[in-house]
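Fold and geometry: a report
Here is what each chain is made of, one letter per residue.
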Amino acid sequence: MNHTDPISGYPAHDRPPPPGPAAGAARRTALTICTIADVAAGLLVLWIVLHLLDANEGNGFVDFVHTMADWLSGWAQDIFTMDTEGVRIVLNYGLPAIIYLLIGHGIAARLNRA
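1. Here's the deal with the side chain of Ser-73
Within the secondary structure layout, Ser-73 lies in the loop between α2 (60-72) and α3 (85-113). Ignoring anything within four residues of it in the chain, the contact list for Ser-73 reads Leu-44, Asn-92, Tyr-93 and Pro-96.

2. Side note on the confidence of the model for the protein chain
Parts of the prediction with low pLDDT should not have their coordinates interpreted in detail. Per-chain confidence: the protein chain averages 85 in pLDDT, with 81% of residues scoring 70 or above. The least confident element of the protein chain, judged by mean pLDDT, is helix α1 (residues 21-52) at 91; the most confident is α2 at 95.

3. Focus: the packing of aromatic side chains
Summed over the entire model, instances satisfying the criterion amount to 1 aromatic pair. When the ring of Trp-75 is compared with that of Tyr-100, the centres are 6.3 Å apart and the planes differ by 80 degrees; the resulting orientation is edge-to-face. On the criterion of sequence distance, the pair formed by Trp-75 in the loop between α2 and α3 and Tyr-100 in helix α3 is long-range, its members being 25 residues apart. Judged by its relative accessible area of 46%, Trp-75 falls in the partly exposed class. A relative accessible area of 23% places Tyr-100 in the partly exposed class.

4. Remarks on the pattern of salt bridges
Counted by the stated rule, this structure contains 1 salt bridge. Between Glu-85 and Arg-88 there is a salt bridge, with the nearest N and O atoms lying 3.9 Å from each other. Here the residue Glu-85 and the residue Arg-88 both occupy positions in helix α3, the gap between them amounting to 3 residues, near one helical turn.

5. Focus on α3
Over its 29 residues, α3 runs 42 Å from end to end, which matches the ideal 42 Å to within 8%, given 1.5 Å per residue. A maximum bend of about 25 degrees is found in α3 at Gly-94, where proline Pro-96 lies one to four positions downstream. Among the residues making up α3, those that are buried are Ile-89, Asn-92, Tyr-93, Gly-94, Pro-96, Ala-97, Gly-104 and Ala-108.

6. With respect to a nonpolar patch on the surface
Judged by side-chain polarity, Val-45, Val-49 and Leu-53 come together as a nonpolar surface patch covering roughly 280 Å² of accessible area. Turning to its location among the elements, Val-49 is positioned in helix α1.

7. Thoughts on the side chain of His-66
Checked against the element boundaries, His-66 lands in helix α2. Looking at His-66, the relative accessible area reads 19%, which means it is buried. In contact with His-66, other than residues within four places in its own chain, are Trp-47, Glu-57 and Tyr-93.

8. Focus: the nonpolar core
Counting residues in each nonpolar core, the largest one holds 14 residues, and the members touching the most others are Leu-44, Trp-47, Leu-50, Ala-69, Leu-72, Ile-89 and Tyr-93. Residue assignment for this core shows that the elements contributing at least two residues are α1, α2 and α3. By residue number, the principal contributor to this core is α1, which donates 7 residues. Not counting residues up to four positions away in its chain, the partners in contact with Ala-69 are Leu-43, Leu-44, Trp-47 and Tyr-93.

What counts as what
- Residues numbered from 1 in each chain as written.
- Predicted model: local features only at pLDDT ≥ 70, side-chain atom pairs only at ≥ 80, totals over all residues.
- Heavy atoms only, no water.
- Helix = DSSP H or I, 4+ residues; strand = E, 2+ residues; numbered from the N terminus.
- Contact = heavy atoms within 4.5 Å.
- pLDDT = per-residue confidence, 0-100.
- Phe/Tyr/Trp six-rings, centres within 6.5 Å; stacked < 30°, edge-to-face > 60°.
- Buried < 20%, exposed > 50% of the residue type's maximum accessible area, 1.4 Å probe, protein only.
- Salt bridge = Lys/Arg side-chain N within 4 Å of Asp/Glu carboxyl O.
- Expected span 1.5 Å × (residues − 1).
- Bend = angle between axes of the 7 residues up to and from the residue.
- Patch = residues over 30% accessible without salt bridge, like charges linked within 9 Å, V, L, I, M, F, W, Y side chains within 5 Å.
- Areas by Shrake-Rupley, 256 points an atom, 1.4 Å probe, with all protein chains shown as cover.
- Core = buried A, V, L, I, M, F, W, Y, C linked by side-chain atoms within 4.5 Å.

Okay, here's the thing in C-alpha cells:
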C-alpha cells in the first residue's frame, strides 16, 4: 500500500491523523474557557485602570465594571492591606486577574492536548 500525498507525491507518513469529533469539541471547550478567563481578567484590569484614573463611580458603565470586579474578586478582597489605596486596589484586583488567566489557560492547554 502506497501512502502518498496526491498533490505533491511526497509520503504522508509524518502527518498526524485528522482530528475526530471529540477533538473538535475539546478545542471548542478550551476556547470557551480561555474566553471566559480573558473576559474576567479584562474586567478586573479595567476596574484597576478606571479606579487609578479616578473615573466617576456614579456613571453606569463604571458602576457595572466595579460591581463585576467586586464579584469576581470577592474571594481575594483584603488579602493585601496597604495604606496606599492605589497599590491596595492593584494587588487585590490584580491577583485574581492573574489567577483567572493562569487557571483558565492551563485548563485550556490540557484540553487541547487530550
